[in-house]
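Observations on the model geometry
Below are the chains, spelled out letter by letter.
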Amino acid sequence: MKTLKHKRPEKDLRPEPLPLEDLYSIYEIERSHADNVARNALKLFDILASIHGLKPEMRNLVETAALVHDIGVKTDFENHHKAGRNILILHPPLEVPERLRPVIAWTAFLHKKSADKEKIEKLKEKNFGKMPEDLQKLTLKVAALIRLADALDYSRMESRLGKVTFGKCSIRFELEGQGAVTDAERMEKKGDLWHLLYNIRLEFRPASKM
């Protein structure tokens, strides 16, 4: 099968959904990282459920978005967020309902670079803004979780969420593992989209050593 490069898909090309296993193989997705990000995303989904308000059935969508967020790495490492979006527009995961497939593609696009209000507004002026408003909102919520889950595995040392402390206007997470210092710093940075969407501030710290 001819794989999609980093160029934007032609308008006359119809999407060809593929099973996740085929996507893993064709695009050489780093399985250990993908699995860790999926694990992290589901944990965050559950802990933060009362805030993000996503329905329980969206857990599968979040998991799949996590598994393919780096699908563009082998195609174009430097711009893998763009390559990933384009791949997933043309080859969305077969397991995802058709209506929700654009969420997967745009989550891949949104997972990498910084996210501020100006960038999101500009994004809405492009193809992202052509999606129904409910899908735009869903995409941003899913992307906010994937950004944090990806950052939690930034060191590739399998950091994990430990103690969670709920405050009135903030939630504090303690990270466990050898890479906790690095990954906590990364999560602080990648929490930018979350903080655009919600008033509850998230804080990340390495767990204290006894």
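Provided above is the structure to which this section pertains.
Note that the structure is predicted; figures quoted are calculated from it, not measured. (Residues numbered from 1 in each chain as written. Predicted model: local features only at pLDDT ≥ 70, side-chain atom pairs only at ≥ 80, totals over all residues. Heavy atoms only, no water.)

Turning next to the pairing of strand β2 (residues 170-176). Residues Ile 171, Phe 173 and Leu 175 line the buried face of β2, whereas the alternating positions Ser 170, Arg 172, Glu 174 and Glu 176 sit on a face that is not buried. Sheet analysis places strand β1 (residues 160-166) next to β2, joined by five bridges and oriented antiparallel. In the strand pairing of β2, Leu 161 is matched with Leu 175. The antiparallel hairpin formed by β1 and β2 contains three residues in its connecting segment. (Buried < 20%, exposed > 50% of the residue type's maximum accessible area, 1.4 Å probe, protein only. Helix = DSSP H or I, 4+ residues; strand = E, 2+ residues; numbered from the N terminus. Pairing = 2+ DSSP bridges.)

What follows concerns the nonpolar core. Counting 63 residues, the largest nonpolar core has Leu 48, Leu 61, Leu 138, Phe 173 and Leu 175 as its most contacted members. The element that contributes the greatest number of residues to this core is helix α8 (residues 133-151), accounting for 11 residues. Dropping the residues within four chain positions of it, Leu 61 is found in contact with Val 96, Leu 100, Val 103, Ile 104, Leu 138 and Val 142. (Core = buried A, V, L, I, M, F, W, Y, C linked by side-chain atoms within 4.5 Å. Contact = heavy atoms within 4.5 Å.)

The topology assignment puts Val 103 in helix α6 (residues 101-110). Sequence separation between Val 103 and Lys 190 is 87 residues; the distance between their C-alpha atoms is 19 Å. Here Val 103 is in contact with Leu 61, Leu 135, Leu 138, Thr 139 and Val 142, once residues within four sequence places are set aside.

The strand order across the open sheet built from three strands is β1-β2-β3, with neighbouring strands paired in mixed fashion. Whereas interior strands pair on both sides, the edge strands pair on one side only; in this sheet they are β1 and β3 (201-206). Here the strands of the sheet are splayed against their neighbours by 25° on average, with no regard to which way each runs. Helix-sheet contacts for helix α2 (residues 31-47) involve β1 and β2, and the interaxial angle to β1 is about 15°. (Axes fitted to C-alpha atoms, helices over the stretch in contact; angles between N-to-C directions.)

Below, the discussion takes up the packing of aromatic side chains. Taken as a whole and assessed by the stated rule, the structure comprises four aromatic pairs. With a centroid separation of 5.4 Å and an interplanar angle of 75°, the aromatic rings of Trp 106 and Phe 109 are classed as edge-to-face. Of the two residues, Trp 106 and Phe 109 both sit in helix α6, three residues apart, roughly one turn of that helix. Both residues of the pair, Trp 106 and Phe 109, belong to the buried class. Pairing Phe 173 with Phe 204 gives two aromatic rings, centres 5.3 Å apart and planes at 20°, and the pair type is stacked. One end of the pair, Phe 173, is in strand β2; the other, Phe 204, is in strand β3, with 31 residues separating them in the sequence. Taken individually, Phe 173 and Phe 204 each receive the classification buried, so the pair is uniform in this respect. Each residue in the set Trp 106, Phe 109 and Phe 128 is aromatic and connected to the rest through ring pairs, giving one cluster. Over the aromatic face of Tyr 24 sits the side chain of Arg 31, whose NZ or CZ is 3.9 Å from the ring centroid. It is Arg 186 that lies over the ring of Tyr 154; its NZ or CZ is 4.2 Å from the centre. (Phe/Tyr/Trp six-rings, centres within 6.5 Å; stacked < 30°, edge-to-face > 60°. Lys NZ or Arg CZ within 6 Å of the ring centre and 35° of its normal.)

Contact geometry of helix α4 (residues 59-68) with α8 gives a least axis separation of 10 Å together with a crossing angle of 60°. The angle between the axes of α4 and α8 places the two elements in the oblique class. The element α4 and its partner α8 pack so that their crossing is right-handed. Between α4 and α8, the residues in contact are Leu 61, Val 62, Ala 65 and Ala 66 and Leu 138, Val 142, Leu 145 and Ile 146, respectively. (Parallel < 35°, antiparallel > 145°, perpendicular 65-115°, else oblique. Left-handed = near helix turned anticlockwise from the far one by under 90°.)

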